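Notes for the structure review
Residues per chain are reported as follows:
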Amino acid sequence: QVQLAESGGGLVQAGGSLRLSCVASGRTFSTYTMGWFRQAPGKEREFVAAISYNGGSTTYLEAVKGRFTISRDSGKNTVYLQMNSLKPEDTAVYYCAADRGMVVTKERYRYDYWGQGTQVTVSS
């Protein structure tokens, strides 16, 4: 069992930056693919970014490429999402997720564990 806890959300003006963190419990963090998803009011949860178990592979939602960066620190059991040049349409609850598989995926159903989410609000 893995427990995930996100932090770092908040209110920021358009063009600003935030860094989200997700701390994972358990000894097997380094074997999991990690992902970030988001859900805006009235919309389905969507994939944002994912990183392989060893950090060697990443993939992003097209709308965030060049603005968001996912990274991980296995020594701290933590995955990060650096978000720059934020836009009002980035406003959502952001969720961290862990996948026991070793292939980086955008598919929500592949992720086995989820955090409670952290709110990101971008004002115009």
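These lines cover the structure that appears in this document, whether it is placed above or below. Computed from a prediction, not measured in an experiment: that's the story for all the values here. (Residues numbered from 1 in each chain as written. Predicted model: local features only at pLDDT ≥ 70, side-chain atom pairs only at ≥ 80, totals over all residues. Heavy atoms only, no water.)

Observations concerning the overall build of the protein
When helices and strands are tallied, the protein shows 0 helices and 11 strands. Secondary structure elements of the protein, listed N to C terminal, follow the sequence β-β-β-β-β-β-β-β-β-β-β. The C-alpha radius of gyration of the protein comes to 13 Å, within 12% of the 14 Å expected for a compact globule of 124 residues. When the backbone C-alpha atoms are referred to their principal axes, the protein occupies close to 40 × 25 × 25 Å. Taken over 124 residues, the protein has a buried fraction of 41%. Sequence-distant contacts, at least 24 apart, represent 58% of the contacts inside the protein between residues at least 6 apart. Here the protein has roughly 6400 Å² of accessible surface; of this, 45% comes from carbon and sulfur atoms. Looking at charge distribution, the protein has the averaged site of its 14 positive side-chain charges lying 4 Å from that of its 10 negative ones. (Helix = DSSP H or I, 4+ residues; strand = E, 2+ residues; numbered from the N terminus. Rg over C-alpha atoms; globule rule 2.2 N^0.38 Å. Buried < 20%, exposed > 50% of the residue type's maximum accessible area, 1.4 Å probe, protein only. Contact = heavy atoms within 4.5 Å. Areas by Shrake-Rupley, 256 points an atom, 1.4 Å probe, with all protein chains shown as cover. Lys, Arg positive; Asp, Glu negative; His and termini not counted. Charge placed at Lys NZ, Arg CZ, Asp CG, Glu CD.)

Quick notes on the sheet that holds strand β3 (residues 18–24)
The sheet built from 4 strands is open, its strands ordered β1-β3-β8-β7 with antiparallel pairing. In the strand order of this sheet, the two ends are held by β1 (4–7) and β7 (68–73), each with one partner. Strand-to-strand twist in this sheet, taken as the mean axis angle between neighbours without regard to direction, amounts to 15 degrees. Pairing of β3 with strand β8 (residues 78–83), which is carried by 6 bridges, proceeds in the antiparallel orientation. (Pairing = 2+ DSSP bridges. Axes fitted to C-alpha atoms, helices over the stretch in contact; angles between N-to-C directions.)

Concerning the nonpolar core
Note on soluble globular proteins: their nonpolar side chains tend to be buried together. Membership of the largest hydrophobic core comes to 29 residues, with the highest contact counts inside it found for Leu4, Met34, Trp36, Val79, Leu81, Met83 and Tyr94. Elements represented by at least two residues in this core include exactly β3, β4 (33–39), β5 (46–51), β7, β8, β9 (92–99) and β11 (118–123). Counting residues in each nonpolar core, the second largest holds 5 residues, with Phe37, Phe47, Ala50 and Tyr111 among its members. (Core = buried A, V, L, I, M, F, W, Y, C linked by side-chain atoms within 4.5 Å.)

Some details on the pairing of β7
With burial as the criterion, only one face of β7 is covered, namely that bearing Phe68, Ile70 and Arg72; the residues Thr69, Ser71 and Asp73 on the opposite face remain uncovered. Of the pairings in the sheet, the one linking β7 to β8 comprises 6 bridges and is antiparallel in character. Looking across to β8, one finds that phenylalanine 68 is bridged to methionine 83.

Let's talk about the side chain of serine 52
Looking at the secondary structure, you find serine 52 in the loop between β5 and β6 (58–60). Residue contacts for serine 52: discarding those within four places in its chain leaves Tyr32, Thr33, Ser57, Arg72 and Val104.

Here we look at the environment of aspartate 90
Tracing the backbone through its elements, the reader meets aspartate 90 in the loop between β8 and β9. Placed 87 residues apart in sequence, aspartate 90 and glutamine 3 show a C-alpha to C-alpha distance of 25 Å. Polar side-chain contacts of aspartate 90 include one of 2.8 Å to the side chain of arginine 67. (Polar contact = N/O pair within 3.5 Å; in protein donor to acceptor, adjacent residues only side chain to side chain.)

Some words on the side chain of threonine 105
With respect to the helices and strands, the residue threonine 105 is situated in the loop between β9 and β10 (113–114). Of the polar contacts made by the side chain of threonine 105, one reaches the backbone nitrogen of glutamate 107; its length is 3.0 Å. Residues within four places of threonine 105 in sequence aside, it is in contact with Phe47, Ala50, Asp99, Arg110 and Tyr111.

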